[in-house]
Structure formats: C-alpha cells, structure tokens
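Tertiary structure, described
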Amino acid sequence: MIVTTTPSVEGKHIEAYLGIVFGEVISGVDFIKDFAAGLSNFFGGRSGSYEEELIRARVQALEEMEYRAASLGANAVIGVDIDYEVLGSNNGMLMVTASGTAVRVS
C-alpha cells in the first residue's frame, strides 16, 4: 500500500478514486505515564512515555486507514492528513485520526 500526503503518486496513473478513508485511535494515558510526564514537565526535558504513546497511536491510525482502503480495493492512499486531539474531562485521552483518499493506481 502506497501512503502519501501528496495528491498523486509520481510515476503512477490513478485509475479510480474509491472514496475517503479514515483510521481513528483513542488512547488513554495511564497514571504511570502521566506521573512520569509530570516529572519531565517539572524538571524539564522530553516525555518519552507520552512520545511512545503518540507514536503508537499514529501507527495504529495509519494501519487502520490502510486496512479500510484495502477493503475498498485500493492500492494507495493519497492526500493523507493526520490530526491529534485531547479528549476527556481532564484531557487524559489522546485521539489520532488519519484520513486520505483511497485510490487504485497502475
């Protein structure tokens, strides 16, 4: 599966536009990660636990989007966009959404 942020795939011809596809992941941040991130915030530096959670959620959202595109018969997704949001009463949930246009290229 070719996945790109561009509106086309260089050297390929778009045969069919199959629709917009999404991959969504909502991930909770547990107490341990929240505590460790608080220490990083207090003492300075990067929060490795939050970064790992963000990377994991992004990878899962892209995989879900690719799966949905493949189920439509696509072999590429163009115009991919990734959005991040925090949810919940104390902003303890991370939402990552990947979206793009499923296409068949040759």
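Summary of the structure given here.

The rules behind each value
- Residues numbered from 1 in each chain as written.
- Predicted model: local features only at pLDDT ≥ 70, side-chain atom pairs only at ≥ 80, totals over all residues.
- Heavy atoms only, no water.
- Core = buried A, V, L, I, M, F, W, Y, C linked by side-chain atoms within 4.5 Å.
- Buried < 20%, exposed > 50% of the residue type's maximum accessible area, 1.4 Å probe, protein only.
- Helix = DSSP H or I, 4+ residues; strand = E, 2+ residues; numbered from the N terminus.
- Contact = heavy atoms within 4.5 Å.
- Pairing = 2+ DSSP bridges.
- Salt bridge = Lys/Arg side-chain N within 4 Å of Asp/Glu carboxyl O.

Before going further, it helps to spend a moment on the nonpolar core. By size, the foremost hydrophobic cluster in this structure holds 13 residues, and its most contacted members are Val21, Met65, Ala69 and Val77. Secondary structure elements with two or more residues in this core: strand 2 (14–28), helix 2 (48–71), strand 3 (76–87) and strand 4 (93–105). Leave out the neighbours within four places in its chain, and Val21 touches Met65, Arg68, Ala69, Leu72, Val77, Ala98, Ser99, Gly100 and Ala102. Val9, Ile14, Ala76 and Ile78 belong to the second largest nonpolar core, which has six residues in total.

For the rest of this paragraph, the subject is the sheet that holds strand 4. In space, the four strands of this open sheet follow the order 1-3-4-2, with mixed pairing throughout. Among the strands making up the open sheet, the edge pair consists of strand 1 (2–3) and strand 2. Pairing of strand 2 with strand 4, which is carried by 13 bridges, proceeds in the antiparallel orientation. Bridging from a neighbouring strand, Ile20 pairs with Thr101 of strand 4.

Evaluated as defined, the whole model comprises four salt bridges. When the shortest N-O distance is used, the salt bridge between Glu15 and Arg104 registers 4.0 Å. With Glu15 in strand 2 and Arg104 in strand 4, this residue pair connects regions lying 89 residues apart in the sequence. Judged by relative accessible area, which is 46%, Glu15 ranks as partly exposed. Ionic pairing is found between Arg68 and Glu64, a salt bridge with its closest N-O pair at 2.8 Å. On the criterion of helical spacing, the pair formed by Arg68 and Glu64 is a turn pair, its members being four residues apart in helix 2. Look at Glu64 and you get partly exposed, because its relative accessible area is 23%. Salt bridges linked by common partners bring Glu24, Glu64 and Arg68 together as one network.

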